[in-house]
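# An overview of the molecular structure
These are the residues of each chain, in order.
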Amino acid sequence: TDTPFSKVLETRASLRDHGGEPLTVEQLGEFLYRSARIKDESSRVDVSFRPSPSAGALHPPEIYPVVDRCRGLDAGLYHYDPKGHRLFRISPVNEIVRTLLQLGGITAMLEGPPQVLLVIAARFQRVQNKYQSVAYSAILKDVGCLYQTMYLVATAMGLAPCALGGGHSDLFAQAAGLDYFAETSVGDFVLGTIGPGARESARGDRWHA
């Protein structure tokens, strides 16, 4: 039932107006399944195959949904398991999680917090051994590929996607209880339902679209 692929490419845009009715947990699950799950694994350690390409098929990005409003899912910080296609709750909404949501809304130029903020973290050591001095560059390329896959999946599903150029890696590492030097955020992506003014806003904002 998807929109034809050429139309998905042509209508893909950063949409910054979310609808009053939030995402459902089924929509969030479908979005993550289609954009980030592990489809197959290799016998080589850490090598897997997913909807997006990755340097050496190592896939250092990890996805942490920060949920403000999602029907069927409590608000809070989660980690997505791409092999088991499951969400693990890390924390309820506390002061740090709330700040991450507020910063996401400000960066995306929304009127309030996003329905869901997807924080993309990187497990640096996963690529360091193979790519050494260009490891961080390879990670950022992976994030760019993942952004585009997320955009196309959200567009096909009739949702409002928006990749962000900002974020707060220190706050995120603190919220998730991670070692900043081993794994922390390298990208952020806002997802929600489409509001009435989303398309008009995207047409008038070509640089961000």
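Before reading on, note that the structure itself is shown above.
Figured I'd write up the structure that's included with this text.

Thresholds, definitions, all that
- Residues numbered from 1 in each chain as written.
- Predicted model: local features only at pLDDT ≥ 70, side-chain atom pairs only at ≥ 80, totals over all residues.
- Heavy atoms only, no water.
- Axes fitted to C-alpha atoms, helices over the stretch in contact; angles between N-to-C directions.
- Helix = DSSP H or I, 4+ residues; strand = E, 2+ residues; numbered from the N terminus.
- Parallel < 35°, antiparallel > 145°, perpendicular 65-115°, else oblique.
- Left-handed = near helix turned anticlockwise from the far one by under 90°.
- Contact = heavy atoms within 4.5 Å.
- Nonpolar A, V, L, I, M, F, W, Y, C, P; charged D, E, K, R; others polar.
- Salt bridge = Lys/Arg side-chain N within 4 Å of Asp/Glu carboxyl O.
- Buried < 20%, exposed > 50% of the residue type's maximum accessible area, 1.4 Å probe, protein only.
- 1 Å grid on protein atoms, 1.4 Å probe; cavity = no way out; pocket = protein on both sides within 12 Å on 5 of 7 lines; lining within 4 Å.
- Points joined across faces, edges and corners; volume = space filled by probe spheres on them.

### Things to note about the packing of helix H2 (residues 25–36) against helix H5 (residues 135–157)
Relative to each other, H2 and H5 sit at 135 degrees, their axes nearing to 9 Å. The orientation of H2 relative to H5 falls into the category oblique. Of the two possible hands of crossing, H2 and H5 adopt the one that is right-handed. Residues Gln27, Glu30, Phe31, Arg34 and Ser35 of H2 form the contact with H5, whose participating residues are Leu146, Thr149, Met150, Val153, Ala154, Ala156 and Met157. In the contact of H2 with H5, the residues fall into seven nonpolar, three polar and two charged.

### Re the pattern of salt bridges
It is possible for side chains of opposite charge to pair when their charged atoms get near one another. Applying the stated rule across the entire model yields nine salt bridges. Where glutamate 62 meets arginine 126, a salt bridge forms, and the shortest distance between an N and an O atom there is 3.2 Å. With glutamate 62 in strand E4 (residues 61–67) and arginine 126 in helix H4 (residues 125–131), this residue pair connects regions lying 64 residues apart in the sequence. For the pair shown, glutamate 62 and arginine 126 are each scored as buried. Between arginine 69 and aspartate 68 there is a salt bridge, and its shortest N-O distance comes to 2.4 Å. Members of the salt-bridge network, linked through shared partners, are Glu62, Arg123, Arg126 and Glu183.

### Some points on empty space enclosed by the protein
Within this structure, the stated rule accounts for two cavities of 30 Å³ or more. Roughly 150 Å³ of internal volume is contained in the largest cavity. Along the wall of the largest cavity there are 13 residues; nearest its centre are Ala36, Arg50, Pro61, Ile63 and Leu146. Of all the secondary structure elements, the ones that give two or more residues to the lining of the largest cavity are H2, E4 and H5. Roughly 70 Å³ of internal volume is contained in the second largest cavity.

### Observations concerning unusual backbone geometry
Its identity as a non-glycine residue notwithstanding, alanine 57 has a phi of 55 degrees, on the positive side. The topology assignment puts alanine 57 in the loop between strand E3 (48–49) and E4. In this model, glutamine 132 sits at a positive phi of 45 degrees, which is unusual for a non-glycine residue. Counting through the fold element by element, glutamine 132 comes out in the loop between H4 and H5.

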